[in-house]
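# Structure at a glance
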Amino acid sequence: LGPTSEEVERCELPVTGMTCAACARRIEKQLSRAEGVTEANVNFATNTATVSYDPKTTDAKRLVQTVTDTGYGVAPEVATFA
């Protein structure tokens, strides 16, 4: 069984380097495959990745690493965590 809604954390990552909607889909696909991620949505228009994840399995640092491993960046000074 996956985490319950009370166990899931959410973060918004300001993604840099996206030039098209295909970039957003590529990042979304990689984040969705990352261990512990329950949902990932990347918005090309706002350059934002919104990720719901199980904090027992992964953390924001790993999510940022997933984005950078995919070939894009994350502006750390404006990343938000809820």
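Residues numbered from 1 in each chain as written. Predicted model: local features only at pLDDT ≥ 70, side-chain atom pairs only at ≥ 80, totals over all residues. Heavy atoms only, no water.

Okay, unusual backbone geometry next. With phi around 55°, Asn47 is a residue other than glycine that occupies positive phi space. Along the chain, Asn47 turns up in the loop between β2 (37-43) and β3 (48-53). Owing to a relative accessible area of 32%, Asn47 belongs among the partly exposed residues under this scheme. (Helix = DSSP H or I, 4+ residues; strand = E, 2+ residues; numbered from the N terminus. Buried < 20%, exposed > 50% of the residue type's maximum accessible area, 1.4 Å probe, protein only.)

For the structure on display, the rule yields 0 disulfides. There is no disulfide at Cys23, and the cysteine sulfur nearest it, in Cys20, is 3.5 Å away. (Disulfide = S-S within 2.5 Å.)

The subject of this paragraph is the nonpolar core. Ranked by size, the top nonpolar core spans 20 residues in total, and within it Met18, Ile27, Leu31, Leu63 and Val67 carry the most contacts. Take this core: its biggest share by element is 4 residues, from helix α1 (residues 21-33). The residues contacting Val67, other than those within four sequence positions of it, are Leu13, Val15, Ile27, Leu31, Tyr72, Gly73 and Val74. (Core = buried A, V, L, I, M, F, W, Y, C linked by side-chain atoms within 4.5 Å. Contact = heavy atoms within 4.5 Å.)

Turning our eyes to something else, we now look at the pairing of β2. Looking at chain direction, β2 and β3 are connected through 6 bridges and run antiparallel. Its bridge partner lying in β3, Glu39 is registered against Ser52. Two successive antiparallel strands, β2 and β3, enclose a turn made up of 4 residues, where Asn47 displays a positive phi of approximately 55°. (Pairing = 2+ DSSP bridges.)

Looking only at helix α2 (residues 60-69), the buried set comprises Ala60, Leu63, Thr66 and Val67. All buried residues of α2 fall inside an arc of 115° around its axis, so they share one side. Turned more than 90 degrees off the buried face of α2, the exposed positions are Lys61 and Asp69. Sitting at the amino-terminal end of α2 is Asp59, which places a side-chain oxygen 3.2 Å from the backbone nitrogen of Lys61. (Arc of directions from axis to C-beta. Polar contact = N/O pair within 3.5 Å; in protein donor to acceptor, adjacent residues only side chain to side chain.)

This brings us to the pattern of salt bridges. Under the definition given, this model contains 2 salt bridges. Residue Glu7 pairs with Lys56 through a salt bridge whose shortest N-O separation is 3.0 Å. Here Lys56 lies in the loop between β3 and α2 and Glu7 lies in the segment before β1 (9-16), a separation of 49 residues in the sequence. Residue class for Glu7 comes out partly exposed when judged on its relative accessible area of 29%. For the salt bridge of Arg10 with Glu12, the shortest nitrogen-to-oxygen distance reads 3.5 Å. (Salt bridge = Lys/Arg side-chain N within 4 Å of Asp/Glu carboxyl O.)

Looking at the element boundaries, Thr48 is found in strand β3. Residue Thr48 is classed as buried on the basis of its relative accessible area of 18%. In terms of polar contacts, Thr48 uses its side chain to reach the backbone carbonyl oxygen of Thr46, at 3.0 Å. Here Thr48 is in contact with Glu12, Leu13, Met18, Asn41, Val42 and Asn43, once residues within four sequence places are set aside.

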